[in-house]
Amino acid sequence: MLVGPGGAGKGTVAAALTAADPRVWLSRSWTTRPRRPGEAEDAYVFVTREEFLARVADDGFLEWAEFLGNLYGTPDPEPPSGCDVLLEIDVQGAEQVVAKRPDAVVVLLLPPSSVVQRARLRARGDSSEHVERRVAAGREEVGRGRALAAYEVVNHEVGQAVAELAGIVAATRRKEPDGP
Ligand code: 5GP
């Protein structure tokens, strides 16, 4: 599981790790957040609040949480056989997954500085008010994330962060050779 504050680069790093290692399967979350301009159509399954809550009622999520007014959830993962599941989620969700699967490995991804973090958030087109809300929420993500995480990776640059994550995945596979 990859957790960390907004602007750490979780989405970019998770996508790059998945592209680099076909045995890593990235779960696609559901969200009630509207799609951002320019955001890929398959970045999430974009749904209404009613659709989301219907799936909650059906017990169809491994975890779900509300983050800054929107709902996000991980459908029960169905990876191809032999693949390891990667979740890119907020810390409330990670706490739920660890409660259900204590063997899950949590990595806290951090931005190199708050200046870089704000610049990355602004580059996504979020308003400055929204950027500040994300930075504030991010402090809690880091505090609670540290309590869960076995590893911390500072995302100075995507290639370096992905290489560190690949090392963590390899070390985890050596410890748990039977896979996910
Ligand atoms: P964003 O709106 O920037 O795409 O995501 C906001 C936050 O929601 C990020 O911290 C992201 O990791 C988290 N998130 C994305 N998908 C899920 C999910 O399925 N469950 C939970 N709990 N958080 C998620």
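The coordinates are above.
Now for a look at the structure at hand.

Conventions we followed
- Residues numbered from 1 in each chain as written.
- Predicted model: local features only at pLDDT ≥ 70, side-chain atom pairs only at ≥ 80, totals over all residues.
- Heavy atoms only, no water.
- Patch = residues over 30% accessible without salt bridge, like charges linked within 9 Å, V, L, I, M, F, W, Y side chains within 5 Å.
- Areas by Shrake-Rupley, 256 points an atom, 1.4 Å probe, with all protein chains shown as cover.
- Salt bridge = Lys/Arg side-chain N within 4 Å of Asp/Glu carboxyl O.
- Lys, Arg positive; Asp, Glu negative; His and termini not counted.
- Charge placed at Lys NZ, Arg CZ, Asp CG, Glu CD.
- Helix = DSSP H or I, 4+ residues; strand = E, 2+ residues; numbered from the N terminus.
- Near = heavy atom within 4 Å.
- Polar contact = N/O pair within 3.5 Å; in protein donor to acceptor, adjacent residues only side chain to side chain.
- Pairing = 2+ DSSP bridges.
- Contact = heavy atoms within 4.5 Å.
- Axes fitted to C-alpha atoms, helices over the stretch in contact; angles between N-to-C directions.
- Buried < 20%, exposed > 50% of the residue type's maximum accessible area, 1.4 Å probe, protein only.
- Arc of directions from axis to C-beta.
- Parallel < 35°, antiparallel > 145°, perpendicular 65-115°, else oblique.
- Left-handed = near helix turned anticlockwise from the far one by under 90°.
- Nonpolar A, V, L, I, M, F, W, Y, C, P; charged D, E, K, R; others polar.

### Comments concerning a negative patch on the surface
A surface patch of like charges, here negative, comprises Asp58, Asp59, Asp76 and Glu78. Residue position: Asp58 is located in the loop between helix H2 (49–57) and strand E5 (61–67).

### A word on the site of the ligand
In the vicinity of the ligand lie 17 residues, with Ser29, Arg33, Tyr44, Tyr72 and Arg134 positioned nearest. Contacts to the ligand include Arg36, whose side-chain N or O atom sits 3.0 Å from an oxygen atom. Here Arg134 contributes a side-chain N or O atom positioned 2.6 Å from an oxygen atom of the ligand. Taken by itself the ligand offers 510 Å² of open surface, and the protein chains cover 95% of this. Contributions of two or more residues to the shell around the ligand are made by E5 and strand E6 (70–75).

### Regarding the sheet that holds strand E8 (residues 107–110)
Here we have three strands laid out as an open sheet, ordered E1-E8-E9, and parallel in their pairing. Here the strands that pair on one side only, and so sit at the sheet edges, are strand E1 (2–3) and strand E9 (151–154). Contacts from helix H6 (residues 158–175) reach E1, E8 and E9 within the one sheet, and its direction differs from that of E9 by about 160°.

### Looking at the pattern of salt bridges
Counted by the stated rule, this structure contains 13 salt bridges. Between Arg33 and Glu39 there is a salt bridge, and its shortest N-O distance comes to 2.9 Å. Classification of Arg33 by relative accessible area gives buried; the value is 7%. Given a relative accessible area of 14%, Glu39 falls into the buried group. For Arg124, the salt bridge identified is with Asp126, shortest N-O distance 3.9 Å. One network of salt bridges, in which partners are shared, links Arg33, Arg36, Glu39, Arg124, Asp126 and Arg134.

### Regarding helix H3 (residues 91–100)
Along H3, the residues classified as buried are Val91, Gly93, Ala94 and Val97. One face of H3 carries all of its buried residues, which in axial projection span an arc of 150°. Looking at the packing, one finds that the buried side of H3 touches E1, E5 and helix H5 (128–148).

### Quick look at the packing of H3 against H5
Packing of H3 against H5 leaves a shortest axis separation of 9 Å and a crossing angle of 20°. With respect to their mutual orientation, H3 and H5 come out roughly parallel. The crossing of H3 and H5 is left-handed. Along its contact with H3, which presents Val91, Gln92, Ala94, Glu95 and Val98, the element H5 presents Glu141, Arg144, Gly145 and Leu148. Of the residues that constitute the contact of H3 with H5, the class distribution is four nonpolar, two polar and three charged.

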